[in-house]
Amino acid sequence: MRLIKYGLVFGVIIFGFTYVKANKSRNFQYKAPTNFLVESNLFPAFYPTTYNHTGAEKITVLIPPEVRSTVGVPKTKTGELNKSYLQGKLNFNEQFGIKDWIMNGYKFTNTNYGERLEISGSYTSFSGVKTEFVEHHYFGKSVVQSIHLFYPSVAQGKVVEQAKLSLQTFNPNIN
């Protein structure tokens, strides 16, 4: 009986490591800019992968886990961003204490990885810091994968530009 218990525990552990390794290798490819370090993340299928700038600026690139979706690209027949998608983003952000969320612009682009929606704007965090953001959302046939850049409004210059350019190196591997 004891041998069976140990066998089951060992099996669950091996399955867990295999599952995590499979998810790590299939999620995405991304080349972070200089002086950005990735936070350790053993469960990329469940938690975002985060790259933080090592300098004084609080600049973060966040890659959430891919999401299964059958809804498709949130675009109206006239090519505009669907209002219900924006309302969903507002509702989600309010749950996390984000206030004054403002979208400065958006654009749709066809890429090798699916259609991409780029959104830029700003918000006030729960700690009262005005934060700028750039989001790239890639819509595949049944999967959505995103990459987000967050930085304080006061952060400018070369580091922010490098971080923005690094978003173009993202390969979501969703097709």
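Since the structure is predicted, the reported quantities are computational estimates derived from the model, not experimental observations.

Caption draft 1: Just the pattern of salt bridges, in detail. As enumerated under the stated definition, the model contains 3 salt bridges in all. Across the pair Glu135 and Lys89 runs a salt bridge whose closest N-O atoms are separated by 2.9 Å. Residue Glu135 is located in strand 7 (residues 130–139), and its partner Lys89 is located in helix 2 (residues 83–95); the two are separated by 46 residues in the primary sequence. As a salt-bridge pair, Lys164 and Glu161 come within 3.9 Å of each other at their nearest N and O atoms. A residue pair is termed a helical-turn pair when its members lie 3 or 4 positions apart in one helix, as Lys164 and Glu161 do in helix 3 (residues 158–166) at 3 residues. Lys164 sits in the partly exposed class, given a relative accessible area of 29%.

Caption draft 2: How the structure looks around the pairing of strand 7. Of all 10 residues in strand 7, 9 are buried; the element is thus mostly enclosed. Pairing geometry for strand 6 (residues 114–124) and strand 7, over 10 bridges, is antiparallel. Directly across from Glu115, in strand 7, lies its bridge partner Phe139. Following strand 6, the chain reverses through 5 residues before pairing antiparallel with strand 7; Gly128 in that reversal takes a positive phi of roughly 90 degrees. Bridge count for strand 7 against strand 8 (residues 143–152) is 9 bridges, and the pairing is antiparallel. Residue pairing in the sheet places His137 in a bridge with Ser146 of strand 8.

Each value, and the rule that gives it
- Throughout this document, residue positions are counted from 1 along each chain, in the order its sequence is written.
- The predicted nature of this model means local features are confined to residues of pLDDT at least 70 and side-chain atom pairs, given and counted, to a pLDDT of 80 or more, with totals for whole chains, interfaces and linings taken over all residues.
- As a rule here, side-chain values come from all non-hydrogen atoms in the structure, and water together with hydrogens is ignored.
- Here, a salt bridge means any side-chain nitrogen of Lys or Arg that lies within 4 Å of a carboxyl oxygen of Asp or Glu.
- Note on conventions: DSSP H or I runs of at least 4 residues are helices, E runs of at least 2 residues are strands, and numbering of each starts at the N terminus.
- Note on classification: 1.4 Å probe, protein chains only; a residue is buried when its accessible area is under 20% of the maximum for its type, exposed when over 50%, partly exposed between these limits.
- Note: two strands are recorded as paired if DSSP finds a minimum of 2 bridges between them.

Any functional reading would require information beyond the geometric quantities listed.
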